[in-house]
Amino acid sequence: MGTHEISPPKELQHSSGLIVGGTAGIGLATAVGLAQAGAPRIMVVGRGTERGQAAVERISSVNSACEVSFLSADATTADGAAHIASEAERILGGVDILVSTTAADVRPELFANIPTDDIARIFNQLALPCMYLASEIVPHMTARKGGVIINLASDAGKTATPGESVIGAAKAAIVMFTRTLAIEAKRSGIRVNVLTPSLVNGTASTERITSDGFSAKLFAKAAQQAHLGVPESEDLAALAVFLASPAARRLTGQAISVNGGISAA
């Protein structure tokens, strides 16, 4: 084995997955995709117990042999992320795949209309969870000499969009964090990538921003540019499963847009 070679990545059939924000939308679709691909152990994290149990049933329905667990926790705080990591390492016997798809209850708004006191809350809720989680999980992956981290940002982190000044800043932070961590962690066999969608049909985030007001008009125009179709959660999940698999063994530090042609960000 050469000086820059690392151990072969784990097959999905031998990998455990921690999906934070995994009780709905892209996170749940990714957990289902990993189960379909043969992952033997999956933990989904969310805040609502009822939705968490429904997610466990959904994931188990596609692979009855998969050991699926739910943890009610909040990744927006450092203590919450530490609790998630500790429980996941214990229950899963080690986290091979970390997928961070947390969302925040925010919607696009012109910067002039955002109260100063709201800026830190919006930015922190969007940008920090994936950083907190990686801080807790990466040392374990480093010790095992391998792992996969997939973060979720958005095209707002690549393309300046009216109404998304703070949101875009937070998403850009996730993108640059992902790229830099990928360079730092590659020697330990850890791959880190980020998905950057725009609109995604059927998710709470898209519902929230397209229901009314300024953001509804903004994204109605954006949807018209998606000539390949506005993506579904399953489109993002299929890419996440690929990135988690050995087929993507040499792909790291990438921010990949899935937006149906809305932009070429």
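In this report, the structure presented in the accompanying data block is examined. (Residues numbered from 1 in each chain as written. Predicted model: local features only at pLDDT ≥ 70, side-chain atom pairs only at ≥ 80, totals over all residues. Heavy atoms only, no water.)

## Things to note about the overall build of the chain
For the chain, the helix and strand inventory stands at eight helices and seven strands. On C-alpha atoms alone, the chain measures out to a radius of gyration of 18 Å, which is about the 18 Å that the 2.2 N^0.38 rule sets for 265 residues. Taking the principal axes of its C-alpha atoms as reference, the chain extends roughly 55 × 45 × 40 Å. Taken across its 265 residues, the chain has 50% of its residues classed as buried. For the chain, long-range pairs separated by at least 24 residues make up 78% of all intrachain contacts whose partners lie at least 6 apart in sequence. As presented, the chain carries roughly 12300 Å² of accessible surface, and 53% of it is formed by carbon and sulfur atoms. Between the averaged position of the 21 positive side-chain charges in the chain and that of its 23 negative side-chain charges there is a distance of 7 Å. (Helix = DSSP H or I, 4+ residues; strand = E, 2+ residues; numbered from the N terminus. Rg over C-alpha atoms; globule rule 2.2 N^0.38 Å. Buried < 20%, exposed > 50% of the residue type's maximum accessible area, 1.4 Å probe, protein only. Contact = heavy atoms within 4.5 Å. Areas by Shrake-Rupley, 256 points an atom, 1.4 Å probe, with all protein chains shown as cover. Lys, Arg positive; Asp, Glu negative; His and termini not counted. Charge placed at Lys NZ, Arg CZ, Asp CG, Glu CD.)

## Observations regarding the side chain of Asn-193
With respect to the secondary-structure elements, Asn-193 resides in strand E6 (residues 190-195). For Asn-193, a relative accessible area of 1% gives the class buried. Asn-193 has contacts with Ile-149, Ile-150, Asn-151, Thr-178, Leu-243, Leu-251, Thr-252, Gly-253 and Gln-254, leaving out every residue within four places of it along the chain.

## Considering the environment of Gln-36
Looking at where Gln-36 falls in the secondary structure, it is placed in helix H1 (residues 25-36). A C-alpha to C-alpha distance of 9.9 Å links Gln-36 and Leu-12, two positions 24 residues apart in sequence.

## Side note on empty space enclosed by the protein
Taken as a whole, this structure holds two cavities of 30 Å³ or more when the rule is applied. Taken together, Ser-100, Thr-102, Leu-126, Pro-129, Cys-130, Leu-152, Lys-171 and Ile-174 make up the lining of the largest cavity. When contributions to the lining of the largest cavity are tallied by element, the ones reaching two or more residues are helix H4 (116-144) and helix H5 (165-185). With three residues, the single largest contributor to the lining of the largest cavity is H4. Classifying every residue of the lining of the largest cavity by side-chain character gives five nonpolar, two polar and one charged. (1 Å grid on protein atoms, 1.4 Å probe; cavity = no way out; pocket = protein on both sides within 12 Å on 5 of 7 lines; lining within 4 Å. Points joined across faces, edges and corners; volume = space filled by probe spheres on them. Nonpolar A, V, L, I, M, F, W, Y, C, P; charged D, E, K, R; others polar.)

## Some points on the nonpolar core
By size, the foremost hydrophobic cluster in this structure holds 32 residues, and its most contacted members are Leu-34, Ile-42, Val-44, Ile-59, Ile-150 and Leu-195. If near-sequence neighbours (up to four positions away) are discounted, Ile-59 is found in contact with Leu-28, Ala-31, Val-32, Ala-35, Ile-42, Val-44 and Val-68. Ranked by size, the runner-up nonpolar core spans 25 residues in total, among them Met-43, Val-45, Ile-84 and Ala-182. (Core = buried A, V, L, I, M, F, W, Y, C linked by side-chain atoms within 4.5 Å.)

## Topic: the pairing of strand E1 (residues 16-20)
In terms of residue burial, E1 counts as a mostly covered element, since five of its five residues are buried. On E1, burial covers both faces: Ser-16, Leu-18 and Val-20 on one face and Gly-17 and Ile-19 on the other are all buried. Following the backbone out of E1, through H1 and into the adjacent parallel strand E2 (residues 41-46), one traces a crossover that is right-handed. Here four bridges tie E1 to strand E4 (residues 97-100), and the two strands are oriented parallel to one another. Following the sheet pairing, Ile-19 is matched in E4 by Val-99. (Right-handed = clockwise from strand over helix to strand, strands pointing away. Pairing = 2+ DSSP bridges.)

## Some points on the side chain of Glu-87
Along the chain, Glu-87 falls in helix H3 (residues 78-92). In contact with Glu-87, other than residues within four places in its own chain, are Met-43 and Leu-71.

These figures come from the coordinates and say nothing about function on their own.
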